[in-house]
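# Architecture and fold: a report
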Amino acid sequence: MKFERLQYPIKTLPNGDSLNLNAFRLTGSASGPHIHIQSSVHGAEVQGNAVILELMDYLSKNEFRGSITFIPTANPMAINNKSGTFTQGRFNPHSGNNWNRNYQNLEDHTDIFQPKSWIESLKVLEEDKNSIKKKYKEYLKECLNKIKEKLSPTGLSEDIKLNLTLQLLASGADIVLDLHTGPKAARYLYAGEYCEEKVKDLPFPFTIIIPNEFAGAMDEATFMPWVHLSRTLKSLGLENLDPNQFESYTLELGSEEIIDSSLALRDTERILSFFSQRGILRGKFHPTSSFEPQRAGKLSDYKTYYAPIGGLYEFSLKPGELGHKGQTLCKYINFSPLKESEGLQEALPRCSGEIKILENAYVINHNPSAVISEGQTIYQVLEKTWLLN
Ligand SMILES: [Zn+2]
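Residues numbered from 1 in each chain as written. Predicted model: local features only at pLDDT ≥ 70, side-chain atom pairs only at ≥ 80, totals over all residues.

A count of helical and extended segments in the protein gives 8 helices and 21 strands. Whereas a compact globule of 389 residues would reach a radius of gyration of roughly 21 Å, the protein reaches 23 Å, a difference of no more than 12%. Projected onto the principal axes, the alpha-carbon positions of the protein cover approximately 85 × 50 × 45 Å. In the protein, buried positions account for 37% of the 389 residues. Counted over contacts in the protein with a minimum sequence separation of 6, partners at least 24 positions apart contribute 73%. (Helix = DSSP H or I, 4+ residues; strand = E, 2+ residues; numbered from the N terminus. Rg over C-alpha atoms; globule rule 2.2 N^0.38 Å. Buried ≥ 20, exposed ≤ 12 C-beta atoms within 10 Å, placed from the backbone. Contact = placed C-beta atoms within 7 Å.)

Spelled out as structure tokens, the structure:
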């Protein structure tokens, strides 16, 4: 096993100091796929760093194929940004942008990204799936470097620079795992429709199937070019050359602001089990116990409940629980109904209320704070799920 530490400058600060991305590359004893794993692009979502530590520990003791680039704390601007006791979460406080929405959509750069012309430029009869895959990775890297050059004359915004650097680092990968967490959340993942059949090999209790579309996130930014390759090969009658092996997932490892080393062992087992399914581990891998049933649902059935009234909320249903139609999701307190003209005893019951769940659904996320304004997210639930295994 070969181990390398790599550093990529990401931002110089007004005092002259610099922020860097620190990457750790492990190369196995035999050839195999390249895997890109990053964590904490959202600064408060830290559990993935504990999982990276466990994965590196396992791979330092067990033989594997291929290579893995680990980028823990992949957003130094976010993780170093504290507000009181809390870590700045999903949004850059300077730009207001969500840190996981600034990746480049290659399709937006039609002057650079032209998969049809690229395929037509190959001597197709001399190609096989593996050579197409290798050359396409090189082509993606070349396109991203040209995009960087195109955007650079007036300077790169800090959001674009961070996301483009990560996207370039992932451009040579066969598998991308972007480690996040929810606010107060179950363990779940996002998988594109293109890999709906494959996701059962990644044993998470909940999977949200997202459309094959670009909406700014890392998983979409990395899988959409491969979806385009499949579509283009099909349109040219060259389906037989489609490598169809790329996979990219966003893994949500519980709740933000938490490092839990015992749960990290289980999270690591889920990922090692997936590696085992993909032939990356050379020896047999056995989890300490079998994994729970895996449920999937569509993004369109992933419903957000917004607070109908501002107040102080108590969350009744916990992440991972099945809520039954009509059951109490949460309760709130709001003192505004108290008026001098009314009797206190008569008005007090109106100072609290309940929100009920409208359909049977699994609770995926709830707000981590009890202090909520009208219109803020209280819960996210997944309706109409099915079993994957
Ligand atoms: Zn996140």
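Picking up after the structure, the text goes on.
For the rest of this paragraph, the subject is the packing of helix α1 (residues 47-61) against helix α7 (residues 261-277). Here α1 crosses α7 at 60°, and the two axes come no closer than 8 Å. Judged by the angle between their axes, α1 and α7 are oblique. Between α1 and α7 lies a crossing of right-handed hand. Contacts from Gln47, Ala50, Val51, Glu54, Leu55 and Tyr58 in α1 reach Ser261, Ala264, Leu265, Asp267, Thr268, Ile271 and Leu272 in α7. Per-class residue counts for the contact of α1 with α7 are 8 nonpolar, 3 polar and 2 charged. (Axes fitted to C-alpha atoms, helices over the stretch in contact; angles between N-to-C directions. Parallel < 35°, antiparallel > 145°, perpendicular 65-115°, else oblique. Left-handed = near helix turned anticlockwise from the far one by under 90°. Nonpolar A, V, L, I, M, F, W, Y, C, P; charged D, E, K, R; others polar.)

Let's shift gears to the sheet that holds strand β17 (residues 352-356). Strand order across the open sheet formed by 4 strands is β17-β16-β14-β19, with antiparallel pairing between neighbours. Both edges of this open sheet fall to β17 and β19 (371-372), since each of them pairs with a single strand only. Bridging between strand β16 (residues 328-333) and β17 involves 5 bridges; their strand directions are antiparallel. The residue of β17 that forms the bridge with threonine 328 is lysine 356. (Pairing = 2+ DSSP bridges.)

This paragraph deals with unusual backbone geometry. A negative phi holds for most residues other than glycine; trans holds for most peptide bonds. A positive phi angle, close to 45°, is found at asparagine 244, a residue other than glycine. For asparagine 244, the location among the structural elements is in the loop between α6 (218-235) and β11 (247-255). Asparagine 244 gets classed as partly exposed once you count the C-beta atoms within 10 Å, which come to 15. For glutamate 257, which is not glycine, the phi torsion reads 65° and is therefore positive. Looking at the secondary structure, you find glutamate 257 in the loop between β11 and α7. Judged by C-beta crowding, with 17 C-beta atoms within 10 Å, glutamate 257 ranks as partly exposed.

We now examine the domain arrangement of the protein. Domain annotation for the protein reports domain 1 (2-292) and domain 2 (302-387). The centre of domain 1, based on its C-alpha atoms, is set 35 Å off from the matching centre of domain 2. At the interface, 11 residues of domain 1 touch 10 residues of domain 2. Looking at the side of domain 1 that touches domain 2, the elements with two or more residues in it are β8 (184-185) and β10 (206-210). When the residues that make up the side of domain 1 that touches domain 2 are grouped by side-chain class, the tally is 7 nonpolar, 2 polar and 2 charged. (Domains from an automatic or database assignment.)

It is worth spelling out α7 at this point. The end-to-end C-alpha separation of α7 is 24 Å, in line with the 24 Å expected for 17 residues at 1.5 Å each. Those residues of α7 that sit buried are Ala264, Asp267, Thr268, Ile271, Leu272, Phe274 and Phe275. Down the axis of α7, the buried side of the element spans an arc of 150°, and every buried residue falls inside it. Where α7 is buried, its residues meet α1, β7 (175-182) and β11. Positive phi appears at glycine 279, one or two residues downstream of α7, with a value of about 75°. (Expected span 1.5 Å × (residues − 1). Arc of directions from axis to C-beta.)

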